[in-house]
Amino acid sequence: MVTSVDLQDPMSYYLFWLILALVAVAVVIFVQVFFRIYLKDILRKKKNRKPKIKKVSKKPLPVLKWEYLQKMEYLERRVFSGGVSMRGGYQDLSGLIRDFVHDATGIKVQNYSLREIQKVGIPGLTALVQEYYEPEFARQSMADIRASMFRTRKAIELWY
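Quick caveat, the model's predicted, so the values are computed rather than measured. (Residues numbered from 1 in each chain as written. Predicted model: local features only at pLDDT ≥ 70, side-chain atom pairs only at ≥ 80, totals over all residues. Heavy atoms only, no water.)

### A few points about the nonpolar core
We apply this condition: To form a nonpolar core, buried Ala, Val, Leu, Ile, Met, Phe, Trp, Tyr and Cys residues must be joined to one another through side-chain atoms within 4.5 Å. Relative accessibility under 20% of the residue-type maximum defines a buried residue, over 50% an exposed one, and the middle range a partly exposed one, all with a 1.4 Å probe and only protein chains included. Note on conventions: DSSP H or I runs of at least 4 residues are helices, E runs of at least 2 residues are strands, and numbering of each starts at the N terminus. Whether two residues are in contact is decided by their heavy atoms, any of which lying within 4.5 Å being enough.
In terms of nonpolar packing, the biggest core is built from 28 residues, with Ile-97, Phe-100, Val-101, Leu-125, Met-149 and Ile-156 touching the most fellow members. When contributions to this core are tallied by element, the ones reaching two or more residues are α2 (61-80), α3 (86-105), α4 (114-120), α5 (123-137) and α6 (145-157). The greatest single-element share of this core, amounting to seven residues, is contributed by α3. Other than its neighbours up to four places away in sequence, Ile-156 contacts Lys-65, Tyr-68, Leu-69, Met-72, Leu-96, Ile-97 and Phe-100.

Okay, here's the thing in structure tokens:
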């Protein structure tokens, strides 16, 4: 049977698709390299940036301190009367100092990990949260909650 249609050789298509695939791969590699170089500096600056500490409290600092010292007294009564376990006491203590720092500075440290708190640059808060970590998360701890409460109270009283 004779046809009027001439078919092209399959190898002629092969070269076209190979060139197209190589060009696509080269474009993807170029875009990756370009954005990694371009965005690396931007991401590094954003990663190393510390939150600015500023006084944002609507209340004067002495009033804020007084309120949190009252909360400390209430927590102490609950812990020493047996209403709260030592682990629960440490968790409440951690929440209390984090809330105080947030109210005093505006930095939302309530949900920060210890590493993120270290990056903020408040050594007193870092030391306290580091002290709370073991008793907060351990099944049993030999930590002294009285000493921790004393240090937390002093941190609030000496806050500037």
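### Concerning the packing of aromatic side chains
To describe a pair of aromatic rings, one takes the distance between the centres and the angle between the planes. This is how it is decided: Centres within 6.5 Å are what make two rings of Phe, Tyr or Trp a pair, Trp counting through its six-membered ring; a difference in plane orientation under 30 degrees is then read as stacked, over 60 as edge-to-face, and the rest as tilted.
Taken as a whole and assessed by the stated rule, the structure comprises seven aromatic pairs. When the ring of Tyr-133 is compared with that of Phe-137, the centres are 5.4 Å apart and the planes differ by 75 degrees; the resulting orientation is edge-to-face. You can see Tyr-133 and its partner Phe-137 sitting in helix α5, four residues apart, about one turn around the helix. Aromatic rings pair up to connect Phe-30, Phe-34, Phe-35 and Tyr-38 into one cluster.

### Concerning α6
We apply this condition: In a helix, the anticipated span is given by 1.5 Å times the number of residues less one. As used in this structure description, the phrase polar contact means that two N or O atoms lie within 3.5 Å; if the pair is within protein, one of them must be able to donate a hydrogen and the other to accept it, and residues adjacent in sequence are counted only when both atoms belong to side chains.
Over its 13 residues, α6 extends 18 Å from the first C-alpha to the last, a length consistent with the 18 Å expected when each residue adds 1.5 Å. Every buried residue of α6 is accounted for by Ile-145, Ala-147, Ser-148, Met-149, Thr-152, Arg-153 and Ile-156. Buried residues along α6 sit in contact with α2, α3 and α5. If you check the start of α6, you find a side-chain oxygen 3.2 Å away from the backbone N of Arg-146, and it comes from Asp-144.

### Notes on the pattern of salt bridges
Cut-off, in case you're wondering: The salt bridge criterion pairs a side-chain nitrogen of Lys or Arg with a carboxyl oxygen of Asp or Glu, the two atoms within 4 Å.
Inspection of every chain in the model, using the stated rule, returns five salt bridges. A salt bridge links Asp-92 to Arg-78; its shortest N-O distance comes to 3.0 Å. Of this pair, Asp-92 sits in helix α3 while Arg-78 is found in helix α2, placing the two residues 14 residues apart along the sequence. Take Arg-78: its relative accessible area is 27%, and that puts it in the partly exposed class. Its salt-bridge partner being Glu-157, residue Lys-154 comes within 3.2 Å of it at the nearest N-O pair. Pair noted here: Lys-154 and Glu-157 are both in helix α6, with a separation of three residues, about one helical turn. Owing to a relative accessible area of 34%, Lys-154 belongs among the partly exposed residues under this scheme.

### Some remarks on the side chain of Ser-141
You can see Ser-141 is positioned in the loop between α5 and α6. Of the residues examined, Ser-141 reaches a relative accessible area of 18% and is grouped as buried. Here the side chain of Ser-141 touches Glu-134 through a polar contact of 2.9 Å, side chain to side chain. Among the polar contacts made by the side chain of Ser-141, one reaches the main-chain amide nitrogen of Ala-143 at a distance of 3.1 Å. Ignoring sequence-local partners within four residues, the contact set of Ser-141 consists of Met-86, Glu-134 and Pro-135.

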